[in-house]
Amino acid sequence: MSDSPESMPRRHQIEVPPELVVGVPADFASVWHTPESFVIDFLAARGPAQIGEHDGDAVVVQDLVVSARIRMPPTHVIELMKALE
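In this report, the structure presented in the accompanying data block is examined.

Rules of the game
- Position numbers for residues start from 1 in each chain and track the written sequence from start to end.
- pLDDT decides what is reported in this predicted model: residues at 70 or higher carry local features, side-chain atom pairs at 80 or more are listed and counted, and totals for whole chains, interfaces and linings draw on all residues regardless.
- Water and hydrogen atoms play no part in the side-chain values, which are based on all heavy atoms of the structure.
- A run of H or I in DSSP becomes a helix once it reaches four residues, and a run of E becomes a strand once it reaches two; helices and strands are each numbered from the N terminus.
- Any residue under 20% of the maximum accessible area for its type is buried, any over 50% is exposed, and the rest in between are partly exposed; the area is computed with a 1.4 Å probe on protein chains only.
- For accessible areas, the Shrake-Rupley method is used with a probe of radius 1.4 Å. Any residue's cover is judged against the shown protein chains and nothing else.
- Residues scored as charged are limited to Lys and Arg (positive) and Asp and Glu (negative), so that His and the chain ends carry no count.
- By convention, charge coordinates are those of NZ in Lys, CZ in Arg, CG in Asp, or CD in Glu.
- A side-chain nitrogen of Lys or Arg and a carboxyl oxygen of Asp or Glu constitute a salt bridge if their distance falls within 4 Å.

### What to know about the overall build of the protein chain
Part 1: Counting its regular elements, the protein chain contains one helix and five strands.
Part 2: Mapped in sequence order, the helices and strands of the protein chain form the string β-β-β-β-β-α.
Part 3: With the C-alpha coordinates of the protein chain rotated into their principal frame, the extents come out at 75 × 35 × 25 Å.
Part 4: Counting over 85 residues, the protein chain shows a buried share of 11%.
Part 5: Per element, the accessible surface of the protein chain, about 7,700 Å² overall, is 58% carbon and sulfur.
Part 6: Within the protein chain, one finds 6 positive and 13 negative side-chain charges whose respective centroids are separated by 9 Å.

This is the structure:
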């Protein structure tokens, strides 16, 4: 009698392509979602922050560029949160 694939332990073989080994810089992260997708944008600062104005108030303005975007099904978010703990 054999176990069903759902009840068997899993082992993943993960390979990082050479062009991704170094990674990308990220100074900030932005998280947003829709009912179908959970998205994390990793952002890198583009130059130093500047003093600007918004609605008559002085604000710090930082130009950012998305260096990586990760999309995943919302069902995987709980596992991600557990891994980050």
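### Some details on the pattern of salt bridges
Part 1: On inspection of all chains with the given rule, the structure shows two salt bridges.
Part 2: Arg69 serves as the salt-bridge partner of Asp41, at 2.5 Å between the closest nitrogen and oxygen. A residue pair is termed long-range when its members are at least 10 positions apart, and Asp41 in strand β2 (residues 38-45) and Arg69 in strand β5 (residues 64-72) qualify at 28 residues.
Part 3: Look at Asp41 and you get buried, because its relative accessible area is 6%.
Part 4: For Lys82, the salt bridge is made with Glu79, and the minimal N-O distance between the two is 3.5 Å.

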